Amino acid sequence: MPLSIQAGLWGLLSGSALVLGALLGYFLKLPQRVIAGVMAFGAGVLISALSFDLMDEAYRQGGIGSTSLGFLAGAAVYTAANILVSRRGAHHRKRSGFAEDSRQAGCDEAGSGLAIALGALLDGIPESIVIGVSLLEGTGVSLVAVAAVFLSNLPEGLSSAAGMRRAGRSKAYIFGIWGGIAAASGVAALIGYGAFAEAGPATIAFVTAVAAGAILAMLADTMVPEAFETAHEYAGLITVAGFLAAFTLSRVVGA
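Because the structure is a prediction, the values reported are computed rather than measured.

Calculation notes
- Residues numbered from 1 in each chain as written.
- Predicted model: local features only at pLDDT ≥ 70, side-chain atom pairs only at ≥ 80, totals over all residues.
- Heavy atoms only, no water.
- Helix = DSSP H or I, 4+ residues; strand = E, 2+ residues; numbered from the N terminus.
- Buried < 20%, exposed > 50% of the residue type's maximum accessible area, 1.4 Å probe, protein only.
- Contact = heavy atoms within 4.5 Å.
- Areas by Shrake-Rupley, 256 points an atom, 1.4 Å probe, with all protein chains shown as cover.
- UniProt positions renumbered as here; feature names shortened; annotations may be inferred.
- Core = buried A, V, L, I, M, F, W, Y, C linked by side-chain atoms within 4.5 Å.

Regarding the overall build of the chain
So, step 1. Helix and strand counts for the chain stand at eight helices and zero strands.
So, step 2. Sequence-ordered secondary structure for the chain, helices as α and strands as β, is α-α-α-α-α-α-α-α.
So, step 3. Taking all 255 residues of the chain together, 47% fall into the buried category.
So, step 4. Long-range pairs, those at least 24 residues apart, make up 87% of the contacts in the chain with a sequence separation of at least 6.
So, step 5. Summing over all exposed atoms, the chain offers an accessible surface of approximately 11100 Å²; the carbon and sulfur share of this is 70%.

Okay, here's the thing in C-alpha cells:
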C-alpha cells in the first residue's frame, strides 16, 4: 500500500476518536469527572509526544534554529486562530457543559455549532499533518503520535456531543460534523505526507515544530484547564500517568 494512503488511514484512525467520543457523549451520560480524567490522560500523552517525538525529531533534523522558529510560529498561529473561533462561541468546545454556557452567554446556537466544528479542525489539523510527516522517515508511522492524537480527540467529541445534544441538535447534525472532521483528519495526514515528501530536513523540522507549538498552545488553552477544573484533585496524577504511558511506549517501540 502506498505510504500516502497509509498516512491518510492513520490520520483517519486518529480522527475516528471524535466519532467514537460523540457516540459515547450522545448515548451515554458519563460523569464530567470521567471526561476530565480522559482529558487529563490525553494531555499527558500529548505532552510526552511533543517533547520526545516531535521536538526531539525536529531538532535532530533541522537544528535549534528551524525548530525554535517553527515552535513559536505554531503557537502564534494557533493562538490567533483560536481567538477568532473562541469569539464566535467555541472557547468551551471541549466542555460537556458547553450548551449551557452558550445559552447563558447569549450565543447563537447555529453559529456556535459552526464554531465548534472550526475549533475541532483547528485542534486536529496540526496533529494529523504531523502523523503524515512521521512516515517520511521510512520507518513507519509514529504510534505514539497516533495514540496521542486519538486520546486528545476522544474527550473533545465526547464532551462537545453531550453539550450539543442538550442544545437540541439532531443526530445527523452531530455525527455529520464529527464524521466530516474525522475525514478531514485523514486528508490532512495524507497532505502532510505528500506535501513534504521532497522537502529538506530543515523544512520538515520547521513543520514538525509548528505542529508541536500548536499542540502545546492547545493543551495550555483548553485541555489542561478543563481537566483541572473538573478533576483537580487527581488531574496532575492522571496527566503524569498519561505522560509515562506515552514515554514508555515510545521507548519500547523505538528500542
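There's plenty left to go through after this.
Some thoughts on the UniProt feature "transmembrane region" (unreviewed entry) in the chain
So, step 1. In the numbering used here, UniProt assigns the feature "transmembrane region" (unreviewed entry) to residues 6–27, 34–52, 64–85, 128–151, 172–196, 202–222 and 234–253.
So, step 2. As annotated, residues 64–85 comprises 100% helix and 0% strand, and the C-alpha atoms at either end are separated by 32 Å.
So, step 3. The span residues 202–222 carries 100% helix and 0% strand; its end-to-end C-alpha distance comes to 30 Å.

Remarks on the nonpolar core
So, step 1. In terms of nonpolar packing, the biggest core is built from 24 residues, with Leu46, Leu50, Leu54, Tyr78, Ile215, Leu219 and Met223 touching the most fellow members.
So, step 2. Counting residues per element, the ones that place at least two in this core are α2 (32–90), α4 (109–134), α5 (143–166) and α7 (201–231).
So, step 3. Sorting elements by how many residues they give to this core places α2 first, with ten residues.
So, step 4. In contact with Leu50, other than residues within four places in its own chain, are Met55, Ala212, Ile215, Leu216 and Leu219.

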